[in-house]
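Understanding the architecture of this molecule
Residue-level listing of the chains:
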Amino acid sequence: NPPPWLAALNLASLEIFQEAGMEAILAKQFLITGYLEHLLTTRLSKYLKVITPKDTNQRGCQLSLVFNCDLNAVHQRIQSRGIICDVRNPNVMRIAPAPLYVSYTDVLQFVDILEEALQICK
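Residues numbered from 1 in each chain as written. Predicted model: local features only at pLDDT ≥ 70, side-chain atom pairs only at ≥ 80, totals over all residues. Heavy atoms only, no water.

**Considerations on the overall build of the protein chain**
- A count of helices and strands for the protein chain gives four helices and four strands.
- With respect to the principal axes defined by its C-alpha atoms, the protein chain has extents near 55 × 30 × 25 Å.
- Within the protein chain, the proportion of its 122 residues that are buried is 34%.
- In the protein chain, once contacts between residues fewer than 6 apart in sequence are set aside, the share between residues at least 24 apart is 67%. (Helix = DSSP H or I, 4+ residues; strand = E, 2+ residues; numbered from the N terminus. Buried < 20%, exposed > 50% of the residue type's maximum accessible area, 1.4 Å probe, protein only. Contact = heavy atoms within 4.5 Å.)

**What to know about unusual backbone geometry**
- Each neighbour pair has its own omega, and for N89 with P90 the value is 15 degrees, a cis peptide bond.
- Summarising the element assignment, P90 is placed in the loop between strand 3 (86-88) and strand 4 (92-95).

**Thoughts on a nonpolar patch on the surface**
- A cluster of nonpolar side chains, namely I16, F17, M22, L26, F30, L100 and Y101, defines an oily patch on the protein surface of about 670 Å² accessible area.
- Among the elements that take part in the nonpolar patch, helix 2 (residues 22-43) stands out by supplying three residues, more than any other.
- With respect to the element layout, F30 can be found in helix 2.
- The class of F30 is partly exposed, set by a relative accessible area of 36%. (Patch = residues over 30% accessible without salt bridge, like charges linked within 9 Å, V, L, I, M, F, W, Y side chains within 5 Å. Areas by Shrake-Rupley, 256 points an atom, 1.4 Å probe, with all protein chains shown as cover. Salt bridge = Lys/Arg side-chain N within 4 Å of Asp/Glu carboxyl O.)

**Quick notes on the pattern of salt bridges**
- Under the definition given, this model contains seven salt bridges.
- The salt bridge involving R59 is made with E37; its shortest N-O contact spans 3.0 Å. Separated by 22 residues along the polypeptide, R59 in the loop between strand 1 (48-50) and strand 2 (63-67) and E37 in helix 2 bring together distant segments of the chain. The burial state of R59 is the same as that of E37; both residues are buried.
- Among the salt bridges present, the one from D86 reaches R94, with a minimum N-O distance of 2.6 Å.
- A relative accessible area of 27% places R94 in the partly exposed class.

**Notes on the state of the cysteines**
- Per the counting criterion, the structure on display carries one disulfide.
- The disulfide bridge from C69 ends at C121, spanning 2.1 Å between sulfur atoms. What sets the handedness of the C69 and C121 disulfide is the S-S torsion sign, and at about 55 degrees it is right-handed. Here C121 lies in the segment after helix 4 (104-117) and C69 lies in the loop between strand 2 and helix 3 (71-79), a separation of 52 residues in the sequence.
- The thiol of C61 is unpaired, and the distance to the nearest cysteine sulfur, on C85, comes to 14 Å.
- In this structure C61 comes out as buried when scored by relative accessible area, which is 18%.
- Free of any disulfide, C85 has its nearest neighbouring cysteine sulfur in C69, separated by 13 Å. (Disulfide = S-S within 2.5 Å.)

Next up, the structure:
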């Protein structure tokens, strides 16, 4: 049997999902990931390419980005600003705007921070 505190955490998580509703979470997933993809492709396409399928039926909320500059330096810069992401060397970063707790403002702020960090690539 799991410890009571662990079971309580799991119950609280399930209650949050139930309150939000999976339909609403999935709807936001498509919208917020599409918003992130739009910002990345319109503002940062000279530095990176989104390699995740464009078809929303073939992806979740994660986008994989291939960079044409020093990804480790970019990652260090955004990490120092509080951004948490996954890096797959040599040049892929995975970003996931989790729809349950990431806002559209958070996405815009991420792209702004990433754009600042990419200035080292010039």
